[in-house]
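Now for the letters of each chain:
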Amino acid sequence: GAGVSQSPSNKVTEKGKDVELRCDPISGHTALYWYRQSLGQGLEFLIYFQGNSAPDKSGLPSDRFSAERTGGSVSTLTIQRTQQEDSAVYLCASSLGAAFGNEQFFGPGTRLTVL
Amino acid sequence: AQSVTQPDIHITVSEGASLELRCNYSYGATPYLFWYVQSPGQGLQLLLKYFSGDTLVQGIKGFEAEFKRSQSSFNLRKPSVHWSDAAEYFCAVGRNTPLVFGKGTRLSVIA
């Protein structure tokens, strides 16, 4: 069956530009998570959605980062006025239900490079 | 605060040799514990997880892990490594909060 998909797979942008990263979760998964993976830094939690609501936004690194989810499905992570330190792989995951103990299924990620 | 430490950044083992990847955690309550594997250019795949009960858990691809509460550890083991096991391995902890991941251990397998 279809897994979590993310687009684009690679994005190169210039400093100061805005970017949008898209995540399509597995059908029927109500929870959706965004992580950032920087070289040698593991995975950094950014935000999660339960349905269309984001109960915990504490992981977003700055107010340049925002995310939304519509229709309980697709999610978009937006980074405004990108900086070089935003360069990373952005991973999306989805899971059944709201409990963090549920297995999270990860997408292949979007590699963002800010020049 | 919750944290996960994977002391080994990079490990190299010979094909057929045994493997142990270390994971230590700090968590306020009894945690849920996970091991994920990430192959080059791929997303993360769950290897195994511990919620409660038997402290030795079996996962996919012949991996197992043992939860030791007294040592706050959840080490991953495999008795005989295959070349296809070369990847990045992440330990994670969570329960009622977002998962906290370690920085990963990169496994190289040599002939």
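Our subject is the structure that appears above.
Presented here is an overview of the structure given in this document. (Residues numbered from 1 in each chain as written. Chains lettered and ligands numbered in written order. Predicted model: local features only at pLDDT ≥ 70, side-chain atom pairs only at ≥ 80, totals over all residues. Heavy atoms only, no water.)

### Structural notes on the sheet that holds strand 1 (residues 5-7) of chain A
All names here are of chain A.
Logical step 1: Pairing within the open sheet is antiparallel, and its 4 strands lie in the order 1-3-8-7. The open sheet terminates on both sides in strands that have one partner only, identified here as strand 1 and strand 7 (65-69). The average undirected angle you get between the axes of adjacent strands in this sheet is 15°.
Logical step 2: Pairing analysis gives 3 bridges linking strand 1 to strand 3 (residues 19-24), with the strands arranged antiparallel. Within strand 3, the residue paired with Gln6 across the bridge is Cys23. (Pairing = 2+ DSSP bridges. Helix = DSSP H or I, 4+ residues; strand = E, 2+ residues; numbered from the N terminus. Axes fitted to C-alpha atoms, helices over the stretch in contact; angles between N-to-C directions.)

### Examining the interface of chain B and chain A
Logical step 1: Contacts between chain B and chain A engage 20 residues on the former and 16 residues on the latter.
Logical step 2: Linking chain B with chain A are 0 salt bridges.
Logical step 3: There are 2 residue pairs in polar contact (both at pLDDT 80 or more) connecting chain B and chain A.
Logical step 4: Contributions of two or more residues to the side of chain B that touches chain A are made by strand 5 (32-38) and strand 6 (44-50) of chain B.
Logical step 5: For the side of chain B that touches chain A, the element with the highest residue contribution is strand 5 of chain B, accounting for 4 residues.
Logical step 6: Among the residues forming the side of chain B that touches chain A, the class breakdown is 10 nonpolar, 7 polar and 3 charged. (Contact = heavy atoms within 4.5 Å. Salt bridge = Lys/Arg side-chain N within 4 Å of Asp/Glu carboxyl O. Polar contact = N/O pair within 3.5 Å; in protein donor to acceptor, adjacent residues only side chain to side chain. Nonpolar A, V, L, I, M, F, W, Y, C, P; charged D, E, K, R; others polar.)

### Here we look at the side chain of Thr82 of chain A
All names here are of chain A.
Logical step 1: With respect to the secondary-structure elements, Thr82 resides in the loop between strand 8 (75-79) and strand 9 (88-95).
Logical step 2: A polar atom in the side chain of Thr82 sits 3.3 Å from the backbone oxygen of Glu14.
Logical step 3: Reaching out from Thr82, the side chain makes a polar contact with the backbone oxygen of Lys17 at a distance of 2.9 Å.
Logical step 4: Every residue in contact with Thr82, bar those within four places of it in the chain, is listed here: Thr13, Glu14, Lys15, Gly16, Lys17, Val19, Arg64 and Val114.

### Topic: the pairing of strand 3 of chain A
Residue and element names in this part refer to chain A.
Logical step 1: Judged by which residues are buried, strand 3 turns out to be one-sided: Val19, Leu21 and Cys23 face inward and are buried, whereas Glu20, Arg22 and Asp24, on the alternate face, are not.
Logical step 2: Inspection of the sheet shows strand 3 paired to strand 8 by 5 bridges, in the antiparallel sense. Looking at the pairing, Leu21 lines up with Leu77 of strand 8. (Buried < 20%, exposed > 50% of the residue type's maximum accessible area, 1.4 Å probe, protein only.)

### Examining the state of the cysteines
Residue and element names in this part refer to chain B.
Logical step 1: Here the structure, examined in full by the defined rule, presents 2 disulfides over all chains.
Logical step 2: Each sulfur of the disulfide joining Cys23 and Cys91 lies 1.9 Å from the other. One disulfide, between Cys23 and Cys91, carries an S-S torsion of -65° and so falls in the left-handed class. In this pair, Cys23 sits in the loop between strand 3 (19-21) and strand 4 (24-26) while Cys91 sits in strand 10 (residues 87-94), placing the two residues 68 residues apart along the sequence. (Disulfide = S-S within 2.5 Å.)

### Observations concerning the nonpolar core
Residue and element names in this part refer to chain B.
Logical step 1: Formed by 27 residues in total, the largest nonpolar core has its most connected members in Leu19, Trp35, Leu47, Leu48, Phe74, Leu76 and Tyr89.
Logical step 2: No other element matches the 4 residues that strand 10 contributes to this core.
Logical step 3: Ignoring any residue separated from it by four or fewer positions in sequence, one finds Phe74 in contact with Cys23, Leu33, Phe34, Trp35, Leu48, Tyr50, Val57, Ala65, Glu66 and Phe67. (Core = buried A, V, L, I, M, F, W, Y, C linked by side-chain atoms within 4.5 Å.)

### Quick notes on the environment of Ala88 of chain A
Residues and elements named next belong to chain A.
Logical step 1: Counting through the fold element by element, Ala88 comes out in strand 9.
Logical step 2: Linking Ala88 and Leu39, residues 49 residues apart in sequence, is a C-alpha distance of 7.3 Å.
Logical step 3: Apart from residues lying up to four places away in sequence, Ala88 is in contact with Arg36, Gln37, Ser38, Thr110, Arg111 and Leu112.

### A closer look at the environment of Ala31 of chain A
Residues and elements named next belong to chain A.
Logical step 1: Relative to the elements of secondary structure, Ala31 occurs in strand 4 (residues 31-37).
Logical step 2: For Ala31, a relative accessible area of 0% corresponds to the buried category.
Logical step 3: Separated by 23 residues in the primary sequence, Ala31 and Ala54 have C-alpha atoms spaced 9.7 Å apart.
Logical step 4: Discounting residues that sit within four places of it in the chain, Ala31 has contacts with Phe49, Gln50, Arg69, Ala93, Ser94, Ser95 and Gly97.

### Quick word on the pattern of salt bridges
Residue and element names in this part refer to chain B.
Logical step 1: All told, the structure shown has 7 salt bridges over all chains when counted by the stated rule.
Logical step 2: With a closest N to O distance of 3.3 Å, Arg77 and Glu66 form a salt bridge. With Arg77 in strand 9 (residues 73-78) and Glu66 in strand 8 (residues 64-68), the pair connects residues that are 11 residues apart, well separated along the chain.
Logical step 3: Judged by its relative accessible area of 23%, Glu66 falls in the partly exposed class.
Logical step 4: Shared partners join several salt bridges into a network, and the residues in it are Glu64, Glu66 and Arg77.

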